[in-house]
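Now for the letters of each chain:
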Amino acid sequence: MKSVFMRLGTSIGVFLLPLIIAAQSYAADSIESSSSVGFPILSLIIFSPLLGALFAILLRNGYGGLSADIATFVSSLLTLGVCAFLLTKFDSNFYGFQFVEKLPWIDRFGINYYLGIDGVSLFLVMVAAFLLPSALLATWKTKEKSWAFQVQIMMLQIGILGSFMALDSILFYTFFELMLVPLYFMIGIWGGSNRIYATTKFFIYTVFGSLLLLASLIYTGILYHEAFGHWSFSIPDWYQLSIPAATQMWLFIGFCLAFAIKAPLFPFHTWLPDAHYEAPTLGSVELAGLLLKLGPYGIIRFVIPLFPDASDTYVPFLIYFGLIGIIYGGLVAMVQQKLKKLIAYSSVAHMGYIVVGIFVFNVQGLAGGLIQMVNHALVTGALFLCVGMIYGRTHTQEISEYGGVVHTMPIFSAFFLFFSLASIGLPGLNGFVGELMIMLGAARLNVIYAVLAASGVIVAAVYMLWMYQRVIFGPVKNDVIRNLKDLTPREIVLLLPLAISTLVLGVYPQPFFERVNATLEGYVKEFNADEFHAKHKFDLAAYWEAKKSKQ
Amino acid sequence: MHQIWLVPAFPLIGFILNGLFGKFFGKRFVSIVGPLSIGLAFLQSLVLFFAMLSTEGHALHEQLYTWMQSGILNLDVGFQVDQLSGLFLLIITGVGFLIHVYSIGYMYEEDAFYRFFAYLNLFVFFMLILVLGDNFILMFVGWEGVGLCSYLLIGYYFEKQSAIDASKKAFITNRIGDFGFLSGVMLIFIYFNTLNFSEVNSSAGTVLENGGLIVTLITLFLFLGATGKSAQIPLYVWLPDAMEGPTPVSALIHAATMVTSGLYMIARLSHLFVLAPITMAIVASVGAVTAILAATIAITQTDIKRVLAYSTVSQLGYMFLAMGVGAFGVGIFHVMTHAFFKALLFLCSGAVIYSLHHEQDMMKMGALRKKLPVTFATMMIGTIAITGIPPFAGFFSKDEILWKTWSSGNFALWFIGFLTALLTSFYMFRLMFLTFYGNSRVDPHTESHIHESPVSMLAPLVVLAILSIFGGFFGVPHILHFLPNGIEHYFEGFYAEVQAGHGTVTAEIILMVLSVFVAALIPAWFAWKTYGGKLDTADQRKENFAFFHNLSLNKYYVDEIYNGGIIQPIKKISDLVFWKWIDVGVIDRFVHLTGDVARASGGLIRGLQNGVLQQYAIIFALGTLAILYYLVFFPY
């Protein structure tokens with residue numbers, strides 16, 4: 001059974017995707033690019049993990065000192081290198097899509113292989129490329145993580161990178177779905193003891209969301225055809241569309257449910273703790289770090305631009321759900337007894353912040369939401385890596401089984417503390433920058449939102465520090481703890497880049513904002529944020545005056 | 001350029017050196033780097049202080065870089081030295097340096113010596129950021145940073161459950177305050193569109209309506225933040241527990257510097273606070289009530305550090321009282337004198353604890369004055385200073401606070417302050433007499449090992465004792481004309497003007513005499529009668545007033561009330577309602593339902609397709625009949 005799954009998964013990656021590459025090189029001359037790079041850099045980034053996958057298969061039985069691990073690691077570094085190059089070439093002052101590549105795919109329906117990035121997707125791509133080498137190093141040479149596992153990771157990476165860059169909605173959907181397959185296998189095959197339940201739950205949730213998304217995408221395409229007389233599934237084309245308000249409501253629900261499940265937004269979050277708990281470390285890192293970001297990303301890309309009238313009506317409710325998620329997720333995290341579930345619920349709270357930031361729909365909120373996506377990827381990714389490291393030594397997730405780890409693992413304790421503090425938004429580290437921006441943005445719409453969001457900082461401190469104290473401090477709990485070995489040099493090396501970027505983004509986040517500001521300013525102008533604010537802005541002083549004069 | 005950034009840079013370097021290399025380079029290296037980094041910061045602070053005094057407008061400003069800019073938000077990392085932050089710089093680095101020197105001797109036996117100094121350096125760094133930052137958010141970096149260091153240092157003995165519980169309690173209680181601070185900051189942002197102190201202060205009067213809802217809300221939120229950091233009702237509960245940390249930490253963080261940051265913030269925003277008379281009244285009342293509440297707890301505690309902790313809470317209450325009646329400069333003056341004598345008292349208590357091999361219970365002390373002469377003498381100076389006996393430092397600042405309260409017309413608050421002064425004198429002399437007089441109750445085994453502390457610990461005591469004696473001359477009251485009132489002159493034009501109080505010179509003199517004799521000397525005499533010799537009378541009184549004694553000894557059961565009334569219910573609701581009922585019981589059941597429905601409907605249809613032809617025929621026939629029936633009886 002297991003091998004069938006493996007073969008299935010690998011075949012998807014290895015045989016289907018090169019076809020797309022081939023198709024692309026076939027029509028290479030039609031690439032139009034707004035940037036100065038003379039080659040299809042985005043395609044290169046998206047499909048560079050294929051190289052790793054191919055070599056992982058070739059080296060599945062080892063060859064000399066080489067193994068599948070090395071193949072994927074080197075390829076992930078390659079991706080990162082190209083991404084770094086992309087970052088240097090990115091034009092910060094340009095509003096619109098850069099490095100655009102466009103090839104016909106299904107001409108009959110105006111579906112294209114259409115890629116591009118802007119300030120919104122830039123850093124999501126970066127962090128996807130940045131997180132993977134660390135994640136791969138974390139599972140270095142573990143026996144059960146066979147070559148097939150490595151191939152799954154590479155497929156997952158392609159899906160993630162592709163979704164962030166796709167400008168054609170059908171292409172987006174393809175990548176979006178492509179991610180689910182490797183993740184399904186990763187949890188289902190390499191997961192914990194209750195993995196089948198977790199995968200099924202994950203599958204029910206996401207398929208439900210995906211199908212709604214697909215239906216909504218197709219219907220929007222049909223609407224476009226009706227309005228303009230020709231087919232197009234390109235997202236920038238769709239921005240020209242004005243959909244009747246009644247229709248918008250339905251489509252809004254379709255899109256939003258899909259992205260809310262992915263984010264996950266309360267009350268669609270219950271798949272996440274189970275999926276995390278059962279997933280192998282690497283799966284958790286990718287899931288929390290990158291997959292969840294598709295939710296907020298989709299909202300920015302599709303929901304707000306395409307459905308302004310529906311947004312106008314429903315956004316306050318979505319903000320409520322985000323706020324509930326912040327407090328509710330934190331409170332439920334507080335009473336968790338298993339490490340990974342606790343961090344999973346903390347993700348629910350963090351994603352609540354991000355959703356609030358986006359839906360308050362001003363530059364601060366969006367910028368905060370964006371940097372918080374990056375922060376959450378780095379910090380929660382790092383926390384899952386830390387948990388993976390200690391789990392690999394003790395083989396237990398129960399918080400009550402721990403205690404006094406600091407006596408035997410001081411370096412680990414220091415890293416774990418650092419990332420825990422970043423997660424609870426300690427000023428000077430990155431989490432604070434995002435939360436602050438989101439709260440300031442929220443305050444400008446409605447100060448009550450901001451105050452409610454701020455109450456989340458209390459809860460965050462409670463669950464995180466309580467967990468930390470129970471695991472790390474106190475007397476040594478048992479012999480397992482007494483015999484723990486501290487981090488190896490490899491483990492330190494893989495955590496260091498994450499720690500450094502956490503600190504840098506906290507102390508000097510301006511380079512980030514410089515690169516997203518132009519995009520966001522253009523975005524709020526193009527999609528009439530002012531109008532939205534004029535309508536929904538809550539003025540406390542005026543409200544108070546009105547109330548007083550009534551009496 | 002005045003190189004303000006150098007001041008925090010030195011402690012930061014100290015932190016990095018001690019944190020990364022201290023383990024390998026040994027204790028000598030650490031004991032040089034730790035104090036030296038603070039000493040250099042102190043020298044640079046001195047330079048800046050005098051540069052500030054000689055500058056037009058008494059303000060130095062330095063902008064380092066753009067921190068975050070997006071939309072209308074524009075935040076820089078910028079430092080400012082003015083009358084307020086200049087004074088704080090000197091207190092932090094000066095007292096901080098002495099405490100670092102003291103710590104060398106006090107902590108030398110510890111294995112994690114380097115860790116202690118690394119944290120202590122980091123604390124000073126964040127404290128300096130707090131006072132130097134020129135905007136709310138940079139201040140908040142320091143604000144939370146000192147909270148973090150406090151957390152790490154309270155939990156320094158992390159194998160002790162009580163220590164880690166106390167550290168967590170401190171951090172979380174402070175976070176409740178931080179929630180208030182952040183909320184206030186957000187309100188300020190939407191009304192001012194800036195988070196810069198000088199811009200907010202200068203335009204506060206025009207942007208916000210005097211006494212209006214918004215300014216009241218803003219200042220109340222900010223005050224909530226202050227009650228967390230500066231240990232006032234309702235968030236004071238963490239400070240007594242924070243005594244689990246090493247004693248130098250209690251002296252530096254939980255007496256001299258960090259706990260005054262709430263006052264610093266209010267003083268910094270005086271122009272905002274004076275617009276909200278309701279808030280000011282609340283600040284003053286909370287301060288006064290906290291002062292007397294903590295003092296009534298302090299009189300029965302037997303742990304020497306806990307007495308001092310409650311005393312700190314009480315003294316902080318005084319400072320808030322001063323802020324609340326609009327006497328900002330006087331409040332800050334008391335911050336300064338309190339930093340001297342309370343740091344001194346804590347360090348002395350540390351010296352006693354050190355000599356007795358970590359015994360903190362005063363019931364196991366007594367008759368130590370001969371054995372620890374320097375500690376005794378300096379601690380007596382500190383006690384006289386805190387009780388407000390002239391001409392020691394505490395007299396001037398405390399008397400000024402009481403006078404300002406009286407002259408602003410708040411007689412009830414004055415009376416509370418007066419009673420607190422009375423109690424202060426009693427519990428402080430009780431502490432002195434229990435520790436240094438009477439019969440020795442020291443464990444006989446320890447008795448033979450009692451020894452005075454090393455010079456590195458005694459020298460800071462002497463310096464602080466001198467400051468506790470003379471520090472008050474900075475602010476001699478008007479009626480004693482032999483010196484100009486330095487503090488008022490120093491802060492001239494800095495704070496928002498409050499309508500001047502009206503009080504006569506006679507009244508001031510009467511109150512002064514009253515506070516010296518009734519509030520300081522008589523309780524001291526009473527304490528001597530009770531605790532100077534045998535403790536029979538003390539035990540007798542304990543029994544006579546058993547109810548009140550228990551109430552005070554158990555701190556009015558506030559911890560128990562918080563735990564039973566707030567913490568446990570929240571935990572229970574989160575666990576049983578949110579997680580086990582909503583998540584697992586409702587949402588998951590719904591998800592399972594979708595699976596079950598799919599399976600069940602599949603099961604239903606599967607039942608039909610069982611391969612029995614006769615059954616198919618019957619269904620076919622029934623179906624046909626049904627259609628016929630429909631067509632015959634319901635044609636349109």
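Being a predicted model, the structure only gives us computed values, none of them experimental. (Residues numbered from 1 in each chain as written. Chains lettered and ligands numbered in written order. Predicted model: local features only at pLDDT ≥ 70, side-chain atom pairs only at ≥ 80, totals over all residues. Heavy atoms only, no water.)

### Considering the packing of aromatic side chains
Stated precisely, the cut-off is as follows: Pairing of aromatic rings covers Phe, Tyr and Trp, the last through its six-membered ring, and needs centres within 6.5 Å; plane angles under 30 degrees mean stacked, over 60 mean edge-to-face, and all others mean tilted. Strands here mean DSSP runs of E at least two residues long; helices mean DSSP runs of H or I at least four residues long; both are numbered from the N terminus. Only protein chains enter the area calculation, which uses a 1.4 Å probe; residues under 20% of their type maximum are buried, those over 50% are exposed, and those in between are partly exposed.
Enumeration over the complete set of coordinates arrives at 79 aromatic pairs over all chains. Their ring planes at 85 degrees and their centres at 5.2 Å tell us that phenylalanine 164 of chain A and tyrosine 297 of chain A sit as a pair that is edge-to-face. Separated by 133 residues along the polypeptide, phenylalanine 164 of chain A in helix 5 (residues 147-165) and tyrosine 297 of chain A in helix 12 (residues 294-306) bring together distant segments of the chain. We classify phenylalanine 164 of chain A as buried; its relative accessible area is 0%. The class for tyrosine 297 of chain A is buried, based on a relative accessible area of 0%. Judged by centre distance (6.4 Å) and plane angle (85 degrees), the ring pair of phenylalanine 179 of chain B and phenylalanine 221 of chain B falls under edge-to-face. Placement of phenylalanine 179 of chain B in helix 5 (residues 161-192) and of phenylalanine 221 of chain B in helix 7 (residues 213-229) is noted, with a sequence separation of 42 residues between them. When its relative accessible area of 15% is taken as the criterion, phenylalanine 179 of chain B is described as buried. A residue is classified by how much of its surface remains accessible, and phenylalanine 221 of chain B, at 17% relative accessible area, is buried.

### Some details on empty space enclosed by the protein
Residues and elements named next belong to chain B. Convention followed: The definitions used throughout rest on a 1 Å grid laid over the protein atoms alone, on which a cavity is an enclosed set of points accommodating a 1.4 Å probe that cannot get out and a pocket is an open set flanked by protein within 12 Å on both sides along at least five of seven lines; lining residues are those having an atom within 4 Å of a point. Grid points are joined across faces, edges and corners, and a volume is the space filled by probe spheres set on the points.
Summed over the entire model, instances satisfying the criterion amount to six cavities of 30 Å³ or more. There is about 70 Å³ of room inside the largest cavity. Sorting the residues of the lining of the largest cavity by element identifies helix 16 (393-407) and helix 21 (505-531) as the ones contributing at least two each. If one sorts the elements of the lining of the largest cavity by residue count, helix 16 sits on top with five residues.

### Section: the interface of chain B and chain A
Heads up, the condition is: Residues count as neighbours in contact if any of their non-hydrogen atoms are within 4.5 Å of one another. Summed over both partners, the accessible area (1.4 Å probe) lost when two parts come together is defined as the buried area. Whenever Lys or Arg places a side-chain nitrogen within 4 Å of a carboxyl oxygen from Asp or Glu, that contact is recorded as a salt bridge. In the analysis that follows, any N or O atom pair within 3.5 Å is treated as a polar contact, provided that within protein one partner can donate a hydrogen and the other can accept it, and provided that, for residues neighboring in sequence, both atoms belong to side chains. Ten residue types, Ala, Val, Leu, Ile, Met, Phe, Trp, Tyr, Cys and Pro, are classed as nonpolar, four, Asp, Glu, Lys and Arg, as charged, and the remainder, Gly among them, as polar.
Opposite the 54 residues of chain B that make contact, chain A presents 63 residues. Here chain B packs against chain A, burying approximately 5300 Å² in sum over the two surfaces, 73% of which is carbon and sulfur. Counting the surface chain B buries against chain A, the share from its top three residues, Arg175, Met186 and Trp579 of chain B, is 12%. Of the charged contacts, one joins aspartate 588 of chain B and lysine 201 of chain A as a salt bridge, the two residues approaching to 2.7 Å between their closest N and O atoms. There are 20 residue pairs in polar contact (both at pLDDT 80 or more) connecting chain B and chain A. Listed by contribution, the elements that provide at least two residues to the side of chain B that touches chain A are strand 1 (59-70), strand 2 (73-82), helix 4 (136-154), helix 5, helix 7 and helix 24 (558-608) of chain B. Sorting elements by how many residues they give to the side of chain B that touches chain A places helix 5 of chain B first, with 16 residues. When its residues are assigned to classes, the side of chain B that touches chain A shows 35 nonpolar, ten polar and nine charged.

### Thoughts on the side chain of lysine 168 of chain B
The following threshold applies: Here the positive residues are Lys and Arg and the negative ones are Asp and Glu; neither His nor the chain ends is included.
Examined against the element boundaries, lysine 168 of chain B turns out to sit in helix 5. Within the buried set, lysine 168 of chain B has no salt-bridge partner at all; the shortest N-O distance to an opposite charge, 4.8 Å, is to aspartate 165 of chain B.

### Here we look at the confidence of the model for chain B
Where we set the bar: Each residue gets a pLDDT score, which is the predictor's confidence in that residue and runs from 0 to 100.
For chain B, per-residue confidence averages 88 on the pLDDT scale, and residues scoring 70 or more make up 97% of the total. Across the whole predicted complex the pTM is 0.91, and at the interface the ipTM reaches 0.89.

### Looking at the packing of helix 16 of chain B against helix 17 (residues 411-436) of chain B
All names here are of chain B. Applicable threshold: Working convention: axes come from line fits to C-alpha atoms, limited for helices to the stretch in contact. Angles between N-to-C directions cover 0 to 180 degrees. Any angle that falls under 35 degrees is termed roughly parallel, while one over 145 is termed roughly antiparallel, one within 65 to 115 roughly perpendicular, and all others oblique. Less than a right angle of anticlockwise turn of the near helix away from the far helix marks a crossing as left-handed, whereas a clockwise turn marks it as right-handed.
Interaxial distance between helix 16 and helix 17 falls to 8 Å at its minimum, and their mutual angle equals 155 degrees. On the basis of the axis angle, helix 16 is roughly antiparallel to helix 17. Between helix 16 and helix 17 lies a crossing whose hand is left-handed. On helix 17, the residues touching Lys398, Leu402, Thr405 and Trp406 of helix 16 are Phe411, Leu413, Trp414, Gly417, Phe418, Ala421 and Thr424. Residue composition of the contact of helix 16 with helix 17, grouped by class: seven nonpolar, three polar and one charged.

### Section: the confidence of the model for chain A
All names here are of chain A. Of all residues in chain A, 92% attain a pLDDT of 70 or more, and the chain-wide mean is 87. The secondary structure element of chain A with the lowest average pLDDT is helix 1 (residues 2-26), at 53, and the one with the highest is helix 17 (residues 410-423), at 94. Confidence drops under a pLDDT of 50 for residues 26-33, and excluding neighbours within four residues, the segment shows 13 contacts in the predicted structure.

### Quick notes on the packing of helix 17 of chain B against helix 21 of chain B
Residues and elements named next belong to chain B. Running from amino to carboxyl end, helix 17 crosses helix 21 at an angle of 35 degrees, the nearest separation of the two axes being 8 Å. Between helix 17 and helix 21 the crossing geometry is right-handed. Taken together, the residues of helix 21 that come into contact with helix 17 (itself represented by Trp414, Phe418, Ala421, Leu422, Ser425, Phe426, Phe429, Arg430, Phe433 and Leu434) are Leu511, Leu514, Ser515, Val518, Ala519, Ala520, Pro523, Ala524, Phe526, Ala527, Trp528 and Tyr531. Of the residues belonging to the contact of helix 17 with helix 21, the class tally is 19 nonpolar, two polar and one charged.

### Points about the domain arrangement of chain B
Our working rule: Throughout the structure description, domain borders are defined by an automatic or database domain assignment.
Entries for chain B in the domain assignment read domain 1 (276-553) and domain 2 (559-633). Each of domain 1 of chain B and domain 2 of chain B has a C-alpha centre, and the two are 69 Å apart.

### Here we look at the nonpolar core
The condition is simple: In plain words, nonpolar cores are sets of buried Ala, Val, Leu, Ile, Met, Phe, Trp, Tyr and Cys residues tied together by side-chain atoms within 4.5 Å.
Grouped together as the largest cluster of nonpolar side chains are 423 residues, with contacts concentrated most on Val405, Phe412 and Leu495 of chain A together with Leu195, Leu272 and Ile332 of chain B. Sorting elements by how many residues they give to this core places helix 19 (residues 447-472) of chain A first, with 20 residues. Two domains each provide a minimum of three residues to this core, namely domain 1 (276-553) and domain 2 (559-633) of chain B. Residue contacts for leucine 495 of chain A: discarding those within four places in its chain leaves Ala382, Leu385, Cys386, Met389, Phe415, Phe419 and Leu487 of chain A. Of all hydrophobic cores here, the second largest spans 18 residues; its members include Ala322, Ala327, Leu413 and Ala519 of chain B.

### As for the environment of threonine 396 of chain A
Residues and elements named next belong to chain A. Looking at where threonine 396 falls in the secondary structure, it is placed in the loop between helix 15 (363-394) and helix 16 (405-408). Residue classification places threonine 396 among the buried residues on the basis of a relative accessible area of 16%. With sequence-adjacent residues up to four places away left out, threonine 396 is seen in contact with Tyr391, Glu401 and Tyr402. From its side chain, threonine 396 meets the backbone nitrogen of glutamate 398 in a polar contact 3.1 Å long.

### With respect to the pairing of strand 2 of chain B
What counts, and what does not: At least two bridges found by DSSP between two strands is the condition for calling them paired.
When you tally the buried positions in strand 2 of chain B, you get nine out of ten residues, the bulk of the element. Counted along the chain from strand 1 of chain B to the antiparallel partner strand 2 of chain B, the turn is two residues long, and its residue glycine 71 of chain B has a positive phi close to 60 degrees.

### A closer look at the environment of phenylalanine 181 of chain B
All names here are of chain B. Locating phenylalanine 181 in the fold gives a position in helix 5. A relative accessible area of 0% means that phenylalanine 181 is categorised as buried. When the C-alpha positions of phenylalanine 181 and phenylalanine 136 are compared, they lie 9.2 Å apart, and in sequence the two are 45 residues distant. The residues contacting phenylalanine 181, other than those within four sequence positions of it, are Phe136, Met139, Phe140, Trp143, Phe221, Leu222, Gly225 and Met265.

### Observations concerning a nonpolar patch on the surface
Let me state the cut-off plainly: Patch membership requires over 30% relative accessible area and the absence of a salt bridge. Like charges are linked within 9 Å, and nonpolar side chains (Val, Leu, Ile, Met, Phe, Trp, Tyr) within 5 Å. Computed with a 1.4 Å probe, the accessible areas rest on the Shrake-Rupley method; for each residue, only the protein chains presented here act as cover.
A surface patch of nonpolar side chains, amounting to about 850 Å² of accessible area, comprises Val505, Ile509, Val513, Leu514, Phe517, Val518, Leu521, Ile522, Trp525 and Phe526 of chain B. Here valine 518 of chain B is to be found in helix 21.

### So, the pattern of salt bridges
Per the counting criterion, the structure on display carries 18 salt bridges over all chains. A salt bridge links aspartate 241 of chain B to arginine 306 of chain B; the nearest nitrogen and oxygen atoms lie 3.4 Å apart. Of this pair, aspartate 241 of chain B sits in helix 8 (residues 238-241) while arginine 306 of chain B sits in helix 13 (residues 304-324); the two residues are 65 residues apart in sequence, bridging distant segments of the chain. The salt bridge involving glutamate 447 of chain B is made with lysine 371 of chain B; its shortest N-O contact spans 2.4 Å. Here lysine 371 of chain B lies in the loop between helix 14 (328-355) and helix 15 (373-387) and glutamate 447 of chain B lies in helix 18 (residues 444-447), a separation of 76 residues in the sequence. Connected via shared salt-bridge partners are Lys201, Asp274 and Lys341 of chain A together with Asp588 of chain B.

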